[in-house]
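Per-entry structural report
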Amino acid sequence: MIKCLTFDLDDTLWDIRPVLKNTDAKMYQWLTINAPRLTDKYPPDYFTRLKQQVVDIYPKIAHSVTDIRLKGLELSLLKVGYAQQEALDIAQQAFQVALTARQEVTFFEHVQSSLQRLKSQGYLMGAITNGNADIYRVGLGEYFDFQFNAHDAGVEKPNPIIYQLMLEHTELKAEQIIHIGDNPIADVQGAQELGMSTIWVNVIPQVWSHPFQADQQVDCLSELPKAVENIIASRLAR
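A short tour of the structure in this document, coming up. It should be emphasised that the depicted structure is a prediction, and the values quoted were computed from it without experimental measurement.

About the cut-offs
Residues numbered from 1 in each chain as written. Predicted model: local features only at pLDDT ≥ 70, side-chain atom pairs only at ≥ 80, totals over all residues. Heavy atoms only, no water. Salt bridge = Lys/Arg side-chain N within 4 Å of Asp/Glu carboxyl O. Helix = DSSP H or I, 4+ residues; strand = E, 2+ residues; numbered from the N terminus. Buried < 20%, exposed > 50% of the residue type's maximum accessible area, 1.4 Å probe, protein only. Pairing = 2+ DSSP bridges. Axes fitted to C-alpha atoms, helices over the stretch in contact; angles between N-to-C directions. Contact = heavy atoms within 4.5 Å. Expected span 1.5 Å × (residues − 1). Arc of directions from axis to C-beta. Parallel < 35°, antiparallel > 145°, perpendicular 65-115°, else oblique. Left-handed = near helix turned anticlockwise from the far one by under 90°.

Now for the pattern of salt bridges. Note on pairing: side chains with opposite charge can pair once their charged atoms come close. Counting across every chain of the model gives 11 salt bridges. Linking K157 and D8 is a salt bridge whose minimum nitrogen-to-oxygen distance equals 2.9 Å. Remark: D8 occurs in the loop between β1 (4-7) and α1 (16-34) and K157 occurs in the loop between α7 (150-153) and α8 (160-170); sequence separation between them is 149 residues. The burial state of K157 is the same as that of D8; both residues are buried.

Looking along a regular strand, one sees the side chains alternate between the two faces of the sheet. Most of strand β2 (residues 124-129) is tucked away: 5 of the 6 residues are buried. Here β1 runs beside β2; their pairing, made up of 4 bridges, is parallel. Bridging from a neighbouring strand, T6 pairs with G126 of β2. As paired strands, β2 and strand β3 (residues 146-149) are joined by 4 bridges and run parallel to one another. Each residue of the ladder has a partner; that of A127, found in β3, is Q147.

As summarised here, the arrangement of the 6 strands in space is β3-β2-β1-β4-β5-β6, forming an open sheet in which the pairing is parallel. The outermost strands of the open sheet, each flanked by one partner alone, are β3 and β6 (216-218). Neighbour to neighbour, the strand axes of the sheet diverge by 20° on average, direction disregarded. In terms of strand pairing, β1 meets strand β4 (residues 177-181) through 4 bridges, oriented parallel. Its bridge partner lying in β4, C4 is registered against I177. Contacting β1, β2, β3 and β4, α8 crosses the sheet at an angle of about 155° to β3. Sheet strands touched by helix α9 (residues 184-192): β4 and β5 (197-201). Its angle to β5, the strand with the most contacts, is close to 165°.

The terminal C-alpha atoms of α1 lie 27 Å apart, and with 19 residues this matches the ideal 27 Å at 1.5 Å per residue to within 8%. Within α1 the residues assigned to the buried category are I16, V19, T23, D24, M27, Y28, W30 and L31. Taken end-on, α1 shows its buried residues confined to a sector of 165°, consistent with a single buried face. In α1, the exposed positions angled more than 90 degrees off the buried face are occupied by R17, K21, Q29 and I33. Of the surrounding secondary structure, the elements contacted by the buried residues of α1 are α2 (36-41), α3 (46-57), α4 (65-79) and α5 (84-102).

Turning our eyes to something else, we now look at unusual backbone geometry. Each neighbour pair has its own omega, and for K157 with P158 the value is 15°, a cis peptide bond. Within the secondary structure, P158 is located in the loop between α7 and α8. In this structure, D11 is a non-glycine residue whose phi angle is positive, near 65°. Within the secondary structure, D11 sits in the loop between β1 and α1.

A word on the packing of α4 against α5. At a minimum axis distance of 8 Å, the contact between α4 and α5 shows a crossing angle of 140°. Taken together, the axis directions place α4 and α5 in an arrangement best described as oblique. Note that α4 runs across α5; the crossing there is right-handed. Every residue of α5 that contacts α4 at T66, R69, L70, L73, E74, L77 and L78 is listed here: Q84, A87, L88, I90, A91, Q92, A94, F95 and A98.

A word on the environment of L172. Relative to the helices and strands, L172 is located in the loop between α8 and β4. In this structure, the C-alpha to C-alpha distance between L172 and K3, residues 169 residues apart in sequence, is 8.1 Å. Contact partners of L172, with chain neighbours within four places excluded, come to K3, C4, L124, L167 and I177.

This brings us to the environment of I178. Here I178 shows up in strand β4. Under the relative-accessibility criterion, I178 is labelled buried at 0%. For the pair I178 and R49, spaced 129 residues apart in the sequence, the C-alpha separation amounts to 35 Å. In this structure I178 touches I2, C4, L5, T6, S197, T198, I199, V228 and I231, once residues within four positions along its chain are discounted.

Encoded structure:
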């Protein structure tokens, strides 16, 4: 019996691309005033390119978009001549500006109505994300009972540890859970390998090119409640 629904966030409930563009723009604007030595040397698109450079140098923080951004800011500020403590302080403040902007999302159509319908059916509902969006700060807290992110878990999906933390928290078995997300590897394969059913969200169109399949696919979030029903029906028909 299905008792819990877990959701990815970025590119599942909203498009992450404009969110990150806005995040970088607002952080850069703040840095222009508060750390002009950095913005005098580096253009606005610098931070997009910086992420991979940080991961190459510090692979142990590759799971955490929070640590990557903080470390990238620190290294960049040191490089343009800020002292160690000053660089750390500015990095922390700039990160808070970025994190606030990171929560300014525009939901895909039918997100709230579908979540409300599913919540009213009595499911335990949670978020499992590799990003640092917060369900409360984006305005979805009323629908969710818990959230896990890669930064706190120490690993990112599809690593089974983050899913296992959720299983321990809910005290449920994997077969009692449906995981819903856009990423074929992180969301579908990662959850299936632990025994969960899966729904692939393809609102931002992708071409499926994998040997495994999700239990259900939705191209619009309005289809989500029906997809959940289809999984339950297929279970009962076995």
